[in-house]
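Given next are the chains, with one letter for each unit.
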There are 2 protein chains.
Amino acid sequence: MTDPVVIVGGDAAGLSAASKLSREDPDREVIVFERGRWVSYAHCGEPYFVKGEVDELDDLLSLSPAEIDERGIDLRREHEVVAIDTDARTVSVAGPEDSFEQPYGDLVVATGATARTDPIAGSELTGAFTIHGLDSAAAVRAMLTPPDEFDVDDLGGGDSLDHELVARYGAMAPPETAAIVGGGYVGVEMAEALDAWDVDVHLFQRSALPVPMFGEAVGETVADHLRERGVDLHLGAEVDRVLGEDGRVTGVRCEDGSTLDAELAVVGVGVTPNVEIVENTPVELGEGGAIAVDEYGETAVEDVYAAGDCAEDHHVVTGETAWVPLGLTANRAGRAIGRTLAGTPTETGGIAGTAVVKAFEQECGRTGIIDADEARDAGFDPVSRTITAGSRSGYYPGNEETTVTLVADRASGRLIGGSIVGKDRAAVRIDTVATALEGGLTVDEVERLDLAYAPPFSPVWDPVLVAAKVLNGALEE
Amino acid sequence: MTDPVVIVGGDAAGLSAASKLSREDPDREVIVFERGRWVSYAHCGEPYFVKGEVDELDDLLSLSPAEIDERGIDLRREHEVVAIDTDARTVSVAGPEDSFEQPYGDLVVATGATARTDPIAGSELTGAFTIHGLDSAAAVRAMLTPPDEFDVDDLGGGDSLDHELVARYGAMAPPETAAIVGGGYVGVEMAEALDAWDVDVHLFQRSALPVPMFGEAVGETVADHLRERGVDLHLGAEVDRVLGEDGRVTGVRCEDGSTLDAELAVVGVGVTPNVEIVENTPVELGEGGAIAVDEYGETAVEDVYAAGDCAEDHHVVTGETAWVPLGLTANRAGRAIGRTLAGTPTETGGIAGTAVVKAFEQECGRTGIIDADEARDAGFDPVSRTITAGSRSGYYPGNEETTVTLVADRASGRLIGGSIVGKDRAAVRIDTVATALEGGLTVDEVERLDLAYAPPFSPVWDPVLVAAKVLNGALEE
């Protein structure tokens with residue numbers, strides 16, 4: 001009998017692989033080891049749970065352990081895979097009661113990523129959070145809720161929730177001031193969430209603009225908008241320490257010595273792939289530090305796959321590998337690997353680095369290569385133009401300024417990336433650009449796309465078309 | 001000296017050509033003959049002007065005659081071109097004071113289309129409207145406004161407006177019941193507009209569902225929604241006559257003899273291209289009855305171009321010519337011809353038949369080939385699947401059901417069309433499908449598009465991706 005498929009990690013990639021495999025090949029044994037108690041949850045929903053727009057933690061679970069069981073998947077929570085022996089084809093598992101060796105026929109490493117705290121001393125203080133995981137999100141919401149209104153049962157989460165942790169935060173007085181360290185996804189989303197609790201929000205960003213991965217035009221719009229919405233924005237300000245007293249957060253300190261008093265700190269300075277368990281194996285890492293895989297998600301070791309935030313992908317624009325840990329591609333790669341293991345070789349699909357984020361009312365999107373240095377490193381001669389156009393016909397109510405940046409390679413005229421920001425349907429418009437990247441379209445072709453027009457939804461020339469017209473003009477110069 | 005460029009028609013296509021040409025080659029003489037008084041106006045905004053969401057007619061004008069003059073364009077309103085002599089290279093013009101022959105170096109026919117009324121007797125009655133032109137839209141709004149609140153100066157439009165017509169309608173008692181004949185774009189948009197005036201709205205559609213060009217799934221959703229919003233929907237009901245007494249509308253009659261009393265009738269049963277002036281010339285028509293052109297918009301006669309609602313285009317899916325009279329492609333073709341005439345040969349660009357329409361809160365989109373018979377006529381073996389998915393993460397407020405249909409060719413796996421309907425950002429999502437058509441993507445490639453995901457904007461799997469997954473599964477059967 002074939003040894004089971006062993007999957008390390010019970011979140012997006014791991015459970016997508018397990019679900020697809022169990023559906024397509026119900027007879028194949030599948031074991032998923034998850035080191036924590038939470039499985040199959042929506043990371044991206046955490047800020048909205050903190051804000052209170054999402055009521056309960058259970059709302060953020062895609063599949064309950066019971067549903068996973070119904071699919072015939074043997075899920076073992078609180079089981080940590082601590083080592084892999086690719087010669088013996090076994091993994092060493094530390095469970096709550098014992099440790100054991102588990103043989104595998106195929107192995108899927110889907111260990112995810114961990115929020116970085118290493119650059120910021122003091123991240124372990126009570127009142128400092130990374131918002132990476134549901135316990136962390138629940139603890140923040142507990143702290144924000146006045147103690148006399150707090151009831152742990154309001155949070156949901158059943159036996160997965162760390163009740164002791166949450167009860168401790170629920171008993172604390174709500175913070176008056178919060179310091180957010182890092183102006184990326186987590187930073188801007190948490191600014192909105194904390195603002196909803198009437199906390200005085202300070203956001204510290206090391207670079208000159210927030211959401212740097214979205215480029216300058218988006219960053220400027222978001223910076224203006226955060227200020228409009230009352231966020232105290234500290235740009236070019238590098239926090240090096242969360243300050244504390246008696247184990248509790250009391251503020252943050254910047255490299256220049258300036259400090260801010262705060263009772264709550266959110267540290268969102270990026271994530272790092274969880275690759276420790278492959279360190280002493282022949283499984284190879286890519287340049288980005290995540291696990292290198294081929295187009296089927298297979299690592300350098302036969303029958304060992306990797307997917308999700310711990311693995312690299314292939315970039316549709318550069319053709320090179322890239323590490324872009326995001327939700328869709330984790331789900332998709334897991335699903336493809338599940339299908340491959342069920343007997344139908346399925347490519348995981350390229351990534352374009354498409355991402356969207358909501359900063360209060362501003363919808364931000366980006367895809368492809370928008371940074372000039374990154375473009376040059378990939379062998380392109382980047383030409384970029386930014387325009388602002390309406391989201392609807394000028395005369396139609398609700399028309400909002402929409403700023404689009406498109407980037408092309410001068411020699412080939414090919415579109416290589418773009419960004420967008422605006423309050424009216426801006427985010428989903430980035431999909432037009434992402435699809436054009438996948439199709440390998442030139443800017444000239446993008447300019448002539450037959451996109452939708454009706455006064456309530458778009459002007460005659462969609463903002464993406466306006467940007468393509470202007471960029472095409474620049475390419476002809 | 002070269003004879004001038006003569007442009008017949010002063011709306012989207014004609015003035016786009018004139019503007020582009022005058023910008024790129026300011027020395028070239030350009031004369032635009034427009035038979036009416038209105039120029040450069042937004043047809044698509046008329047229902048929203050009737051509804052009152054758009055205040056004044058002037059809001060619907062892209063360019064005023066004065067602005068056109070500033071661009072160095074010699075615009076002659078109320079000048080009708082009644083004949084073309086392609087041998088002599090002249091047009092015969094009937095102006096308000098005299099008739100004359102105008103020599104041309106290049107000729108652009110941009111005569112647009114006219115709303116059809118021929119299938120419906122009685123369309124000339126007072127109280128019957130086609131909503132094709134600003135006078136018609138102004139007259140409806142005048143009739144809807146109670147006489148004691150009516151002031152012609154509120155409508156805007158300056159000396160272009162037919163004051164006598166509008167004043168006459170402004171003096172009438174507002175209608176209690178309106179019959180809309182035709183459930184296409186004009187029909188559903190006018191249902192919303194008339195409903196806003198508390199008129200009892202009846203909509204008659206010959207086929208089994210409204211907006212038939214959007215396919216069955218959209219039609220069903222729109223039918224349900226129109227009824228929810230209080231519109232009396234008469235499906236499979238063919239109106240053959242607007243009934244009248246003393247020259248005034250009194251109701252409509254269906255082929256089966258049934259009648260409805262109504263004081264206002266809107267006839268929206270399609271448009272027909274204005275091609276009379278080329279009838280006795282060597283300029284050829286295409287199969288759709290509009291003027292046949294090559295990829296630069298040039299007709300069968302050298303130096304004679306055609307663009308906009310009177311001309312055909314090239315369909316990116318079929319590679320064949322097609323007549324799809326819509327706003328963007330009219331503007332784009334006009335602009336390309338203007339550029340070609342200025343010395344830079346520029347293709348007008350293909351069309352995908354992308355269209356969007358708002359039916360109260362439902363946003364509808366379509367692109368490519370979605371009708372099975374039409375697909376087979378174009379040589380495809382169509383396979384189609386329809387899915388319903390969320391517009392946002394299920395736990396995020398504002399998540400709305402979004403129904404997507406995708407159609408592919410079985411043999412090649414190529415995506416050939418799609419439709420979408422939903423209340424939350426559905427319309428702009430059709431651009432993803434339109435762009436995939438332009439890129440010639442297969443359903444397999446669409447399934448692996450790296451589209452945007454964040455809880456407020458999209459679920460992990462965008463509805464378009466869900467549809468691609470299901471259709472891809474069907475293709476593999």
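Calculation notes
Residues numbered from 1 in each chain as written. Chains lettered and ligands numbered in written order. Predicted model: local features only at pLDDT ≥ 70, side-chain atom pairs only at ≥ 80, totals over all residues. Heavy atoms only, no water. Helix = DSSP H or I, 4+ residues; strand = E, 2+ residues; numbered from the N terminus. Rg over C-alpha atoms; globule rule 2.2 N^0.38 Å. Buried < 20%, exposed > 50% of the residue type's maximum accessible area, 1.4 Å probe, protein only. Contact = heavy atoms within 4.5 Å. Areas by Shrake-Rupley, 256 points an atom, 1.4 Å probe, with all protein chains shown as cover. Lys, Arg positive; Asp, Glu negative; His and termini not counted. Charge placed at Lys NZ, Arg CZ, Asp CG, Glu CD. Phe/Tyr/Trp six-rings, centres within 6.5 Å; stacked < 30°, edge-to-face > 60°. Lys NZ or Arg CZ within 6 Å of the ring centre and 35° of its normal. Patch = residues over 30% accessible without salt bridge, like charges linked within 9 Å, V, L, I, M, F, W, Y side chains within 5 Å. Salt bridge = Lys/Arg side-chain N within 4 Å of Asp/Glu carboxyl O. Domains from an automatic or database assignment. Buried area = accessible area lost by both parts, 1.4 Å probe. Nonpolar A, V, L, I, M, F, W, Y, C, P; charged D, E, K, R; others polar. UniProt positions renumbered as here; feature names shortened; annotations may be inferred. Disulfide = S-S within 2.5 Å. Least-squares fit on C-alpha atoms with pLDDT ≥ 70 in both. Axes fitted to C-alpha atoms, helices over the stretch in contact; angles between N-to-C directions. Left-handed = near helix turned anticlockwise from the far one by under 90°. Pairing = 2+ DSSP bridges. Right-handed = clockwise from strand over helix to strand, strands pointing away. Expected span 1.5 Å × (residues − 1).

## A few points about the overall build of chain A
Okay, step 1: If you tally the helices and strands in chain A, you get 12 helices and 25 strands.
Okay, step 2: On C-alpha atoms alone, chain A measures out to a radius of gyration of 23 Å, which is about the 23 Å that the 2.2 N^0.38 rule sets for 477 residues.
Okay, step 3: With the principal axes as the frame, chain A shows a C-alpha extent of 65 × 55 × 40 Å.
Okay, step 4: With 477 residues in all, chain A has 59% of them scored as buried.
Okay, step 5: At a minimum sequence separation of 6, the contacts of chain A that also span at least 24 residues come to 63%.
Okay, step 6: Looking at chain A as shown, the accessible area adds up to about 17700 Å², and 42% of this sits on carbon and sulfur atoms.
Okay, step 7: Averaging the locations of the 34 positively and 89 negatively charged side chains of chain A gives two centres separated by 5 Å.

## Digging into the packing of aromatic side chains
Residues and elements named next belong to chain A.
Okay, step 1: Within this structure, the stated rule accounts for 8 aromatic pairs over all chains.
Okay, step 2: On the basis of an interplanar angle of 50° and a centroid distance of 5.0 Å, the ring pair of F129 and Y169 is categorised as tilted. Pair noted here: F129 is in strand β9 (residues 128–129) and Y169 is in helix α5 (residues 163–170), with a separation of 40 residues, a long-range link. The same class applies to F129 as to Y169, namely buried.
Okay, step 3: Here the guanidinium or amino end of R141 rests over the ring plane of F49, the centre of that ring lying 4.1 Å away.

## Looking at a negative patch on the surface
All names here are of chain A.
Okay, step 1: Taken together, D55, E56, D58, D59, D151, D153 and D154 make up a surface patch of like negative charges.
Okay, step 2: Its place among the elements puts E56 in the loop between α2 (46–51) and α3 (65–70).
Okay, step 3: Accessibility expressed as a relative area gives 32% for E56, which makes it partly exposed.

## Re the domain arrangement of chain A
All names here are of chain A.
Okay, step 1: For chain A, the domain assignment lists domain 1 (5–37 + 77–113 + 272–341), domain 2 (128–269) and domain 3 (362–476).
Okay, step 2: Relative to domain 3, the C-alpha centre of domain 2 lies at a distance of 33 Å.
Okay, step 3: With 9 residues of domain 2 in contact, the opposing surface of domain 3 contributes 12 residues.
Okay, step 4: Note on domain 2 versus domain 3: buried area summed over both sides is about 770 Å², and carbon and sulfur give 71% of it.
Okay, step 5: Considering only the side of domain 2, the residues that lose the most area to domain 3 are F214, V218 and H225, jointly responsible for 50% of the buried surface there.

## Some thoughts on the interface of chain B and chain A
Okay, step 1: Taken together, the 61 residues of chain B in the interface contact 61 residues of chain A.
Okay, step 2: Sorting the residues of chain B by area buried against chain A places Y395, R448 and D450 of chain B first, and these three jointly supply 14% of that buried surface.
Okay, step 3: Counting across the interface, chain B meets chain A through 6 salt bridges.
Okay, step 4: As a salt-bridge pair, E363 of chain A and R425 of chain B come within 2.3 Å of each other at their nearest N and O atoms.
Okay, step 5: Of all the secondary structure elements, the ones that give two or more residues to the side of chain B that touches chain A are α8 (327–341), β21 (355–359), α10 (426–438) and α12 (463–476) of chain B.
Okay, step 6: In terms of residue count, the dominant contributor to the side of chain B that touches chain A is α10 of chain B (10 residues).
Okay, step 7: In the side of chain B that touches chain A, the residues fall into 30 nonpolar, 13 polar and 18 charged.

## Let's talk about the UniProt feature "domain: FAD/NAD(P)-binding" (unreviewed entry) in chain A
Okay, step 1: In the numbering used here, UniProt assigns the feature "domain: FAD/NAD(P)-binding" (unreviewed entry) to residues 5–313 of chain A.
Okay, step 2: Split by type, residues 5–313 of chain A is 22% helix and 26% strand. Its first and last C-alpha atoms lie 22 Å apart.

## Side note on the UniProt feature "domain: Pyridine nucleotide-disulphide oxidoreductase dimerisation" (unreviewed entry) in chain A
Okay, step 1: The residues that UniProt annotates with the feature "domain: Pyridine nucleotide-disulphide oxidoreductase dimerisation" (unreviewed entry) are residues 360–459 of chain A.
Okay, step 2: The span residues 360–459 of chain A carries 24% helix and 33% strand; its end-to-end C-alpha distance comes to 24 Å.

## What to know about the state of the cysteines
Residue and element names in this part refer to chain B.
Okay, step 1: One pass over the full model with this rule turns up 0 disulfides over all chains.
Okay, step 2: No disulfide involves C364; its sulfur sits 15 Å from that of C44, the nearest cysteine.
Okay, step 3: Accessibility expressed as a relative area gives 0% for C364, which makes it buried.

## Notes on the relation of the copies chain B and chain A
Okay, step 1: You can overlay chain B on chain A at an RMSD of 0.0 Å; the transform is a turn of 180° with a shift of 0.0 Å along its axis. Such a turn and shift between the copies fits a two-fold axis.
Okay, step 2: A shared binding surface is used by both copies, with 100% of the interface residues of chain B retained as interface residues in chain A.

## A word on unusual backbone geometry
For residues that are not glycine, phi is negative in most cases, and the peptide bond is trans in most cases.
Residue and element names in this part refer to chain A.
Okay, step 1: Of note, D303 is a non-glycine position whose phi angle comes to about 70°, a positive value.
Okay, step 2: Looking at the secondary structure, you find D303 in the loop between β17 (271–273) and β18 (304–306).
Okay, step 3: Backbone geometry at F360 places phi at a positive 55°, although glycine is not the residue there.
Okay, step 4: With respect to the helices and strands, the residue F360 is situated in the loop between β21 (355–359) and β22 (362–368).

## Quick word on the packing of helix α1 (residues 12–24) of chain A against helix α8 (residues 327–341) of chain A
All names here are of chain A.
Okay, step 1: Close contact between α1 and α8 brings their axes to 7 Å; oriented N to C, the two are set at 35°. Two packed elements cross with a definite hand, and for α1 against α8 that hand is right-handed. Contacts from A12, A13, S16, A17, K20, L21 and E24 in α1 reach A330, N331, G334, R335, G338, R339 and L341 in α8.
Okay, step 2: Tallied by class, the residues present in the contact of α1 with α8 amount to 6 nonpolar, 4 polar and 4 charged.

## Looking at the sheet that holds strand β23 (residues 382–390) of chain B
Across a sheet, paired strands are connected by hydrogen bonds in the backbone, their directions being either parallel or antiparallel.
Residues and elements named next belong to chain B.
Okay, step 1: An order of β21-β22-β25-β24-β23 is seen for the 5 strands of this open sheet, with the pairing classed as antiparallel. Every interior strand has two partners, whereas the edge strands, β21 and β23, have only one. Pairwise comparison of adjacent strand axes, ignoring direction, gives a mean angle of 15° for this sheet.
Okay, step 2: Pairing of β23 with strand β24 (residues 401–409) involves 9 bridges; the strand directions are antiparallel. Each bridged residue has a counterpart across the sheet, and for S384 the counterpart in β24 is V407.
Okay, step 3: Across the face of the sheet, α12 comes into contact with β23 and β24 while running at roughly 145° to β23.

## Remarks on the pairing of strand β11 (residues 200–205) of chain A
Residue and element names in this part refer to chain A.
Okay, step 1: With 5 of 6 residues buried, β11 is to be regarded as a mostly interior element.
Okay, step 2: Two strands pair when backbone bridges link them, and strand β10 (residues 177–181) and β11 are joined in this way by 5 bridges, in the parallel orientation. Bridge pairing in β11 links T177 to D200.
Okay, step 3: Handedness of the β10-helix α6 (residues 185–195)-β11 crossover: right-handed.
Okay, step 4: Here β11 runs beside strand β12 (residues 232–235); their pairing, made up of 4 bridges, is parallel. Among the inter-strand pairings, Q205 is bridged to a residue of β12, identified as L235.
Okay, step 5: What joins β11 to β12 is helix α7 (residues 215–228), and the crossover it makes is right-handed.

## Here we look at the environment of D154 of chain A
Residue and element names in this part refer to chain A.
Okay, step 1: Along the chain, D154 turns up in the loop between α4 (134–144) and α5.
Okay, step 2: When its relative accessible area of 43% is taken as the criterion, D154 is described as partly exposed.
Okay, step 3: Each C-alpha atom, one on D154 and one on L57, is 9.2 Å from the other, the two residues being 97 residues apart in sequence.
Okay, step 4: Dropping the residues within four chain positions of it, D154 is found in contact with D55, E56, R141 and E149.

## Some remarks on the pattern of salt bridges
Side-chain pairs of opposite charge can arise where the charged atoms are in close proximity.
Okay, step 1: Counted under the stated rule, the structure contains 52 salt bridges over all chains.
Okay, step 2: E476 of chain A serves as the salt-bridge partner of R339 of chain B, at 2.7 Å between the closest nitrogen and oxygen. Placement of R339 of chain B in helix α8 and of E476 of chain A in helix α12 (residues 463–476) is noted, with the two residues assigned to different chains.
Okay, step 3: Given a relative accessible area of 16%, R339 of chain B falls into the buried group.
Okay, step 4: Since its relative accessible area comes to 48%, E476 of chain A is described here as partly exposed.
Okay, step 5: A network of salt bridges, in which partner residues are shared, links K20, E24 and R339 of chain A together with E476 of chain B.

## Some words on α1 of chain A
In an α-helix there are 3.6 residues to a turn, and that puts residues three or four apart on one side.
Residues and elements named next belong to chain A.
Okay, step 1: Here α1 contains 13 residues, and its C-alpha end-to-end distance of 18 Å stays within 8% of the 18 Å for a straight helix at 1.5 Å per residue.
Okay, step 2: By the criterion of burial, α1 is predominantly enclosed, with 10 of the 13 residues buried.
Okay, step 3: The set of residues buried in α1 consists of A13, G14, L15, S16, A17, A18, S19, K20, L21 and S22.
Okay, step 4: Buried residues in α1 make contact with β1 (5–8), β2 (30–33), α3 and α8.

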